[in-house]
Amino acid sequence: MAEIDKVPRIEITDGALIPDDAEKSIFSAWNISFFGALLILIILPIASPDPFLEILLFVPDGVVTTFQVTILSIIFSLVVGLFAGLGRLSRVKVVNRIATIYVEVVRGIPLLVQLFYIYYALGKVVQLPRLTSAIIAMTFCYGAYMGEIFRAGIQSVPQGQMEAALALGMSRTQAIWTVIIPQTFRIILPPVGNEFIALLKDSSLVSILAVSDLLRRGREYASTSFLYFESYTVVALIYLIITLFLSKIVANMEKRLKLHGRV
Amino acid sequence: MAEYRIQIKDACKNFGDVQALRNANLNIAKGEVVLVIGPSGSGKSTMLRCINKLETLSSGNIWIDDDCVTDPKSDIRKIREDVGMVFQNFNLFAHLTALKNITLALTTVKKTPKEEAEAAAKKLLARVGLSDKENVYPGQLSGGQQQRVAIARALAMNPRVMLFDEPTSALDPEMIKEVLDVMLDLAKEGMTMMVVSHEMGFAKAAADKVVFMDEGEIIETGTPLEVFNSPKEERTKTFLQHIL
Ligand SMILES: Nc1ncnc2c1ncn2[C@@H]1O[C@H](COP(=O)(O)OP(=O)(O)O)[C@@H](O)[C@H]1O
Ligand SMILES: [Mg+2]
C-alpha cells in the first residue's frame, strides 16, 4: 500500500533557492531575498530616476528574449530528454550506447564552450539566426540533463505498472507510452521545474552570441553610458526576482504533489 | 481440442542458483478452481507468472488450451489477453481513473471503440459493486476497492483463465470479504481460476483442487477435503499446522 501511494522524489537541482516548509516565518530567507530585491528595484528608480528608471525601461526587452530562449529550449530539451532517457534504458545495445555517450559528452563540456562550438560548427554548414543557434545549443545541453531526469523518473515508476500492462496483452511499447511515460511526467514535474530555473540562469550565456537577452541588454546600456555598476545591479535584481518567483512555484508544485499523491 | 485448460509439464525455473520451480506438473480442467498454498518463497508466484510468461521457464512447457505459452513462436501477447492476472498490490494504473484502468487495454490492445469500451467497463464496475467509483483515481480507493477494480480490469479482456496472486494479502481484514465475494461469483460462473491464497473460507467454498508447494516443488495435490483434513505428506501437515 505505502509503496503505491508514495510519490517518488527525484533530487536533482542545481541549488536554486527552494523555500521549504520549515521556513514559515515572514523573515524566511526566501521572503527577505525576494521582497528585498523587489523593494530595491522599486525604490532605486524612484530615488534616482536617472539612471535607474532609464535602465529599467531599457532592459525589459531582454527579459522577453530570455524567456523566449528559456521556454523554447526547455520544450525542445524535454523532447530530446524523453528520447535520451528512453535510450538510456533501452535494451538495444546500440541505442543505449548512443544515449549514454550523448549524456557523457554533454556533461563533460562546459555549456559556454558548447554554445560557441555549436554556433560556429553550425555556421560551417548553415547560417542560422543567432537566437536559433542559441536555442539549439541550450537544447543539446539540457536535453542530456532532462534525459537523466526522465531516466530516473521512468525507473521510479513501480515495476508492477509495467507487469500489469503486459499481463493485459499490451506490448512493451504500448505500456511505455500509455502507462509509464504519463506517470513519469508527474514525477519529474518538480525536477523539470528546477531545470527550468537553471536554464533560465544559464540562458544568460547566450548573450555571448550577441543575442539580446536580459544580460546583453544590460551590457548594451552599460557600454554606451559607462554605468556598469548601475546597469548590472538592475540586471542582477531582475534575474534574482524571476528565479526566486519561479522557485516558489516549483516548491508549491512539489508540495501539492506530495499532498495529493498521484491523483 | 486440448483436454485441459491449463497444462504445466515438467516446469523448471531457476533464478541464478535458486530453483524457484522444480519439475512442476499440473493439469487444470476448464472451470476448475485451484488454490495454491505453501510457505513464502516456495515458488507459488513464480508458477503463476510463468503461466502468462511474466517469467520464462528454464525448461518444461505450459499450455493454455492448445496455445503453447513456452513456444517462442507463439504470440504471447495474444495468449496474455486470455489470461487475466490479479496482483497482490493491485497494480492499478495510478494515473488513470477506475473506468480508464479498465478501458485502456480494450482500446489499445483489442482496438475496441471508446464508447463500447466504456460501456463494457461500466458493466464490469457494476459487477464488482463499484459503479459510483468510475471517475475515481486508485489513490482515493480503499485497498478492497482497488482490488475489485483490478479484477474488473482483468475481466474486461474476456479471459479464459484468471490468475490471482495473493489477492487479499495486502488488504485490511475488513476488506477481504468484498474481494473474496467477487472471486466466489466468478468461480460460480465457471471461470477457470488459479488462486494463490491462504483463505480457508474461500478454499472450502470454491476450490475444486488444492495444490501444496514447498521449495519449488508441488508436494501434494487433492480436493480441499483431502489436503486440509487428511494430508498425505509430512511437509503438508507441518505447513497446515502453521497456518490453521
Ligand atoms: N525475479 C527474481 N529474481 C531472483 N529470485 C527470485 C525472483 N523471483 C523469485 N525469486 C526466488 O524464487 C523463489 C520463489 O519465489 P516466489 O515464487 O516469489 O515464492 P512465493 O510466491 O511462493 O512466495 C524465492 O526463493 C525467491 O527468492
Ligand atoms: Mg508470492
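Located above this text is the structure these notes cover.
Residues numbered from 1 in each chain as written. Chains lettered and ligands numbered in written order. Predicted model: local features only at pLDDT ≥ 70, side-chain atom pairs only at ≥ 80, totals over all residues. Heavy atoms only, no water.

Enquirer: Would you mind going over the nonpolar core with me for this structure?
Expert: Most often, soluble globular proteins keep nonpolar side chains buried together rather than apart. Ile151(B), Met162(B), Met193(B), Met194(B) and Phe202(B) are the most contacted members of the largest nonpolar core, which totals 155 residues. If near-sequence neighbours (up to four positions away) are discounted, Phe202(B) is found in contact with Val33(B), Leu35(B), Leu180(B), Met183(B), Leu184(B), Met193(B), Val195(B) and Ala207(B). (Core = buried A, V, L, I, M, F, W, Y, C linked by side-chain atoms within 4.5 Å. Buried < 20%, exposed > 50% of the residue type's maximum accessible area, 1.4 Å probe, protein only. Contact = heavy atoms within 4.5 Å.)

Enquirer: Any chance you could explain the site of ligand 1 here in plain terms?
Expert: Residues and elements named next belong to chain B. Lining the immediate surroundings of ligand 1 are Phe15, Val18, Ala20, Pro39, Ser40, Gly41, Ser42, Gly43, Lys44, Ser45 and Thr46. At 3.1 Å, a backbone N or O of Ser42 approaches an oxygen atom of ligand 1. In the environment of ligand 1, an oxygen atom lies 2.8 Å from a nitrogen or oxygen atom belonging to the side chain of Lys44. Bound to the protein, ligand 1 loses 60% of the 560 Å² it would expose on its own. Counting only elements with at least two residues in the shell around ligand 1, the list comes to strand S2 (18-28) and helix H1 (44-51). (Near = heavy atom within 4 Å. Polar contact = N/O pair within 3.5 Å; in protein donor to acceptor, adjacent residues only side chain to side chain. Areas by Shrake-Rupley, 256 points an atom, 1.4 Å probe, with all protein chains shown as cover. Helix = DSSP H or I, 4+ residues; strand = E, 2+ residues; numbered from the N terminus.)

Enquirer: Just to check I follow, could you spell out the sheet that holds strand S8 (residues 192-196) of chain B for this structure?
Expert: In a beta sheet, neighbouring strands are held together by backbone hydrogen bonds and run either parallel or antiparallel to one another. All names here are of chain B. Strand order in the open sheet formed by six strands is S6-S7-S8-S3-S9-S10, and the pairing between neighbours is mixed. The two strands at the open ends of the sheet, each matched to only one other strand, are strand S6 (83-86) and strand S10 (217-222). Each strand of the sheet is rotated relative to its neighbour by a mean of 20°, with strand direction disregarded. Summarising the sheet, strand S7 (residues 161-165) and S8 pair through five bridges and their orientation is parallel. Residue pairing for S8: Asp165 is matched across the bridge by Val196. (Pairing = 2+ DSSP bridges. Axes fitted to C-alpha atoms, helices over the stretch in contact; angles between N-to-C directions.)

Enquirer: Can you walk me through the packing of aromatic side chains in this structure?
Expert: For any pair of aromatic rings, the description consists of the separation of the ring centres together with the inter-plane angle of the planes. All names here are of chain A. Counted by the stated rule, this structure contains 13 aromatic pairs over all chains. A centroid spacing of 5.0 Å and a plane angle of 75° characterise the contact between Tyr119 and Tyr120, whose relative ring orientation is edge-to-face. Of the residues examined, Tyr119 reaches a relative accessible area of 9% and is grouped as buried. Pairing Phe150 with Phe185 gives two aromatic rings, centres 5.5 Å apart and planes at 85°, and the pair type is edge-to-face. Taken together, the residues span a long stretch of sequence, with Phe150 in helix H7 (residues 130-156) and Phe185 in helix H9 (residues 172-202) at a distance of 35 residues. (Phe/Tyr/Trp six-rings, centres within 6.5 Å; stacked < 30°, edge-to-face > 60°.)

Enquirer: I tried to follow the pairing of S6(B) on my own but got confused; where do I start?
Expert: Residues in a regular strand project their side chains so that they alternate between the two faces of the sheet. Residues and elements named next belong to chain B. Alternating residues of S6 divide into Val83 and Met85 and Gly84 and Val86, and every residue in both groups is buried. As paired elements, S6 and S7 share four bridges and run parallel to each other. Paired with Val83 across the bridge in S7 is Val161.

Enquirer: Is there a simple way to explain the sheet that holds strand S1 (residues 6-15) of chain B in this structure?
Expert: All names here are of chain B. Ordered in space as S2-S1-S4-S5, the four strands form an open sheet in which the pairing is antiparallel. Looking along the sheet, the strands with just one partner apiece sit at the ends: S2 and strand S5 (67-68). Sheet topology note: the S1/strand S4 (residues 59-64) ladder contains five bridges and is antiparallel. If you follow Ile8 over to S4, its bridge partner there is Ile62.

Enquirer: Would you mind showing me how to read the interface of chain B and chain A here?
Expert: Interface extent is often summarised as the accessible area lost during association of the parts. Every contact between the two is made by 29 residues of chain B and, on the other side, 22 residues of chain A. Taking both sides of the interface into account, the surface hidden between chain B and chain A amounts to around 2200 Å²; carbon and sulfur atoms contribute 63%. Its largest share of buried area at the contact with chain A, chain B owes to Arg77(B), Phe93(B) and His95(B), together 24% of the area lost on that side. Along the contact surface separating chain B from chain A lie one salt bridge. One salt bridge in this structure joins Arg49(B) and Glu163(A), with 2.8 Å as the shortest N-O distance. Here chain B and chain A share seven residue pairs in polar contact (both at pLDDT 80 or more) between them. (Buried area = accessible area lost by both parts, 1.4 Å probe. Salt bridge = Lys/Arg side-chain N within 4 Å of Asp/Glu carboxyl O.)

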